Amino acid sequence: MTEAEAGATEGAEVPRIGVFICHCGHNIAGTVDVEAVAKMGESLPYVEYSTHFMFMCADSGQQLIKEKIAEHNLNRVVVASCSPRMHEPTFRKVVEEANLNRYLFEQVNLREHVSWCHMREPVAATEKAADLVRMAVARAALLESLPIKTVEVEPVALVVGGGVTGLRASLDVADRGFNVVLVEKDGSLGGHVAKLASVYPTAEKGTTLTEGLIKRVEKHPQIKVFTNSKVTDLDGYIGNFDIKTETNGKEESHRVGTIIIATGIEPFKPVGYYAYGEHPDILTLAEVEEMRLKGEVLRPSNSKPPKTLAYIGCVASREAGLKGHEHCSRVCCTAVAKSAGEMKDTTDEVVILYEDLRTYGRGHEAIHREARHKHVIYSKFPPEKKPEVEVADGKIKLHWHDVFSGDNLVFEPDMLVLASGMVPPEGIDEVAKTFSLTRSPDGFFNPEHVKLAPLTTHTAGIMIAGGAQAAKSAAEAITDASGAAAKAVGLMARGEVEIESTISNVIEELCSSCHTCITACPYGAISMDESKDPPVAFVTEAKCHGCGTCAAACPSSAIVMLHSTDDQIMAMVEAYLTTYGESEGGAA
Amino acid sequence: MTTAQTKTKAQADWEPRIVAFCCNWCSYAGADLAGTSRIQYPTNARIIRVNCTGRIDAEFILSALDKGADGVLVSGCHPGDCHYTSGNLKLRARWAFMEEAVKQAGIDPRRIRLQWASASEAQIFADGVAKLIEQVREVGPIGRSWK
């Protein structure tokens with residue numbers, strides 16, 4: 001009740017609202033007339049100050065907010081910029097630094113919800129932006145400050161995936177003294193790297209890399225490994241996630257404080273590309289590498305070593321518009337150069353057909369150069385006219401157009417190797433669902449911010465690392481792993497984190513003891529306080545997740561969903577609808 | 001077709017005004033993704049973010065229509081995928097009653113739409129907005145059928 005009282009005193013003061021419209025460089029200002037929107041903002045009730053600025057999230061933008069709060073004695077702040085799912089925490093921190101409660105901040109989404117999705121309609125987009133700002137200002141006037149709450153963080157990390165990323169992350173977390181639950185869907189650890197014959201930029205076997213990590217992980221007293229397992233259920237919030245794991249039908253429950261998703265990548269099976277599956281000697285690069293790891297490369301058709309080889313790059317990759325294949329997988333160009341260069345030692349002729357070459361990383365170009373020195377033949381084909389594969393009389397025949405000579409060429413290799421792109425592994429849908437994570441059109445998990453926060457997600461306490469985030473090399477994935485581990489350790493070392501104070505609150509005088517809220521609450525957070533006569537509904541704060549279902553269900557309007565009150569919501573509806581006719585010259 | 005033929009000039013200029021309630025975890029994020037993916041859809045909807053569709057009271061919808069909204073969209077997580085386990089199921093149960101209440105108030109039920117769109121279903125979100133606008137255009141401005 002004290003918080004309600006605190007809110008009431010804060011709410012009793014006359015609102016003094018500051019409105020800040022962000023250009024986001026050209027992202028918003030390129031479509032929305034930000035100047036006009038800021039000007040309109042000045043005319044709104046309780047607005048003391050309204051302006052527009054190039055980047056509100058930049059240091060200078062943050063400084064501007066703080067200065068104006070002091071200068072105009074503002075007690076509410078509205079920032080119209082990107083999605084609150086991205087920068088609400090940033091701006092809440094800014095207003096807090098200016099001694100305003102974080103719940104007195106309101107964000108308008110002018111980028112994801114306006115400029116980016118109405119790019120060709122600047123007039124209508126500006127009108128929509130103005131409406132949204134008006135709605136936010138109306139809501140801001142009714143905002144109340146809420147107490148800041150913290151919860152303890154369980155000193156255990158869950159790592160999903162036992163490839164190099166998951167192994168590295170587990171070790172990094174455990175070496176800092178925290179417990180780890182490592183869950184791997186396969187029967188053994190090691191993931192995709194354990195299937196590689198020769199890992200660039202050096203030349204050790206993939207298993208050499210993974211075995212060292214696996215040995216340390218399995219011996220580590222603070223790491224509990226579950227193979228043949230998956231996470232079937234997730235409940236709770238940062239610091240206190242309750243998970244269920246399933247191993248061969250056996251279920252176990254764990255409480256963890258942080259989660260690192262390291263689900264990795266797998267090579268795409270290019271069915272429908274270059275006659276894959278129509279001849280036994282047409283294989284993917286991954287299949288050939290696995291053969292090389294286990295021993296000699298032999299043609300599946302006759303168990304003899306191939307004398308001539310052809311590779312094709314960018315198979316089922318970089319195909320904009322096709323679901324799941326828009327990206328460049330980064331690893332294939334160098335992996336093909338390495339495989340081809342090494343195969344040239346034991347074969348007569350190796351040809352690489354490529355669309356583009358991206359040997360971008362440290363030491364990658366040397367591998368490319370070495371392959372050429374060994375007389376591996378590189379031939380570029382045009383992107384609009386891909387090579388054609390003809391399978392006849394048990395032979396593979398390649399037809400393609402060589403860009404540099406301008407000739408149409410033909411080659412009959414003993415074996416054709418397709419460098420297919422890397423895609424998220426099977427079962428990724430289930431992981432996305434269990435952990436409520438969003439994904440890019442390519443199927444990889446979305447980071448909280450693609451540049452500024454690539455390892456965290458929109459769900460506090462859940463990190464993504466390695467191939468879970470995008471196709472990348474082992475070294476890059478391991479860099480991610482250590483970064484994500486540091487994020488998790490940071491949370492656990494701090495011991496407690498702040499959580500939302502947006503929970504429901506019962507106004508006892510209005511409660512009619514009907515029990516409707518008790519059945520509505522998904523968490524069993526509401527019970528009847530029998531010490532009162534008549535008994536009234538009572539919310540256990542730690543159990544309340546803030547969905548507001550009880551507030552909507554209550555027939556007596558006795559439940560207030562803090563920061564999402566009926567008044568705050570209806571003020572937005574009203575602000576949108578009531579001033580429309582005036583601004584539009586009575587079109588309605 | 002008759003609606004189109006009898007349109008007055010004012011109606012020809014008319015653009016439907018849509019209030020869209022989106023849950024924070026699925027549909028609001030789906031709308032964000034529509035933006036990041038540069039999916040282009042009609043500008044008519046104004047999104048109000050709520051934590052869960054379970055938060056949405058029948059009164060919000062009736063009141064929005066009463067205040068002049070031509071349509072109301074409610075968009076949330078798929079049943080079974082609710083961030084709060086089952087808030088969307090409570091809304092779904094309430095929806096049947098809401099549709100009835102809207103009809104009884106003399107409002108064409110085509111003005112309200114309930115849809116499920118997850119955080120990764122940007123296209124489904126955008127298509128849903130377009131679909132509701134299309135429905136509302138068929139019915140015409142709210143003033144004609146009510147008030």
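Residues numbered from 1 in each chain as written. Chains lettered and ligands numbered in written order. Predicted model: local features only at pLDDT ≥ 70, side-chain atom pairs only at ≥ 80, totals over all residues.

S.K.: Can you help me understand the interface of chain A and chain B in this one?
M.R.: You'll often see interface size given as the accessible area lost when the parts meet. With 46 residues of chain A in contact, the opposing surface of chain B contributes 44 residues. For the side of chain A that touches chain B, the element with the most residues is helix α16 (residues 566-578) of chain A, which contributes nine residues. (Contact = placed C-beta atoms within 7 Å. Helix = DSSP H or I, 4+ residues; strand = E, 2+ residues; numbered from the N terminus.)

S.K.: What is the right way to read the nonpolar core from this model?
M.R.: Within soluble globular proteins, side chains that are nonpolar tend to cluster in buried spots. The biggest cluster of nonpolar side chains holds 125 residues, and the ones touching the most others in it are A:V77, A:V78, A:A129, A:V133, A:V137, B:V19 and B:A20. Here the element with the most residues in this core is helix α6 (residues 122-140) of chain A; it accounts for ten residues. For B:V19, the residues in contact, after removing those within four places along its chain, are A:V573, A:Y576, B:R46, B:I48, B:A64, B:A69 and B:V72. (Core = buried A, V, L, I, M, F, W, Y, C linked by C-beta atoms within 7 Å. Buried ≥ 20, exposed ≤ 12 C-beta atoms within 10 Å, placed from the backbone.)

S.K.: Please explain unusual backbone geometry as it appears in this structure.
M.R.: For residues besides glycine, phi is generally negative; the peptide bonds are generally trans as well. All names here are of chain A. Of note, the amide linkage connecting Y200 to P201 takes the cis form, showing an omega dihedral of 0°. Topologically, P201 is positioned in the loop between β7 (179-183) and α8 (206-219). Residue P534 is reached from D533 by a cis peptide bond, and omega for that bond is -5°. Among the structural elements, P534 can be located in the loop between β26 (526-529) and β27 (536-539). A positive phi angle, near 55°, is found at N73, a position not held by glycine. Relative to the elements of secondary structure, N73 occurs in the loop between α3 (59-72) and β3 (76-81). When the 11 C-beta atoms within 10 Å are taken as the criterion, N73 is described as exposed.

S.K.: What is the right way to read the confidence of the model for chain B from this model?
M.R.: A low pLDDT means the predicted coordinates there should not be read in detail. Residue and element names in this part refer to chain B. The predicted model of chain B has a mean per-residue pLDDT of 89, with 89% of residues at 70 or higher. With pLDDT under 50 throughout, residues 1-9 is counted as low confidence; its partners more than four residues away or in other chains account for three contacts. At the level of chain-chain contacts, confidence expressed as ipTM amounts to 0.93, with global pTM at 0.70. (pLDDT = per-residue confidence, 0-100.)

S.K.: Sorry, what's going on with the environment of A:G162 here?
M.R.: Residue and element names in this part refer to chain A. Within the element layout of this structure, G162 appears in the loop between β6 (156-160) and α7 (164-175). Judged by C-beta crowding, with 29 C-beta atoms within 10 Å, G162 ranks as buried. With 30 residues separating them in the primary sequence, G162 and H192 have C-alpha atoms 9.8 Å apart. With residues up to four places along the chain from it excluded, the contact list for G162 reads L167, L182, E184, L189 and G191.

S.K.: Quick question: what am I supposed to make of the packing of α6(A) against α16(A) here?
M.R.: Helix-helix packing is described using two parameters, namely the angle between the two axes and the distance between the axes. Residue and element names in this part refer to chain A. Where α6 meets α16, the axes come as close as 8 Å, and the angle between the chain directions of the two elements is 145°. In terms of crossing hand, the pair formed by α6 and α16 is right-handed. Residue-level contacts link D131, R134, M135, A138 and R139 of α6 to Q568, A571, M572, E574, A575 and Y576 of α16. Split by residue class, the contact of α6 with α16 holds six nonpolar, one polar and four charged. (Axes fitted to C-alpha atoms, helices over the stretch in contact; angles between N-to-C directions. Left-handed = near helix turned anticlockwise from the far one by under 90°. Nonpolar A, V, L, I, M, F, W, Y, C, P; charged D, E, K, R; others polar.)

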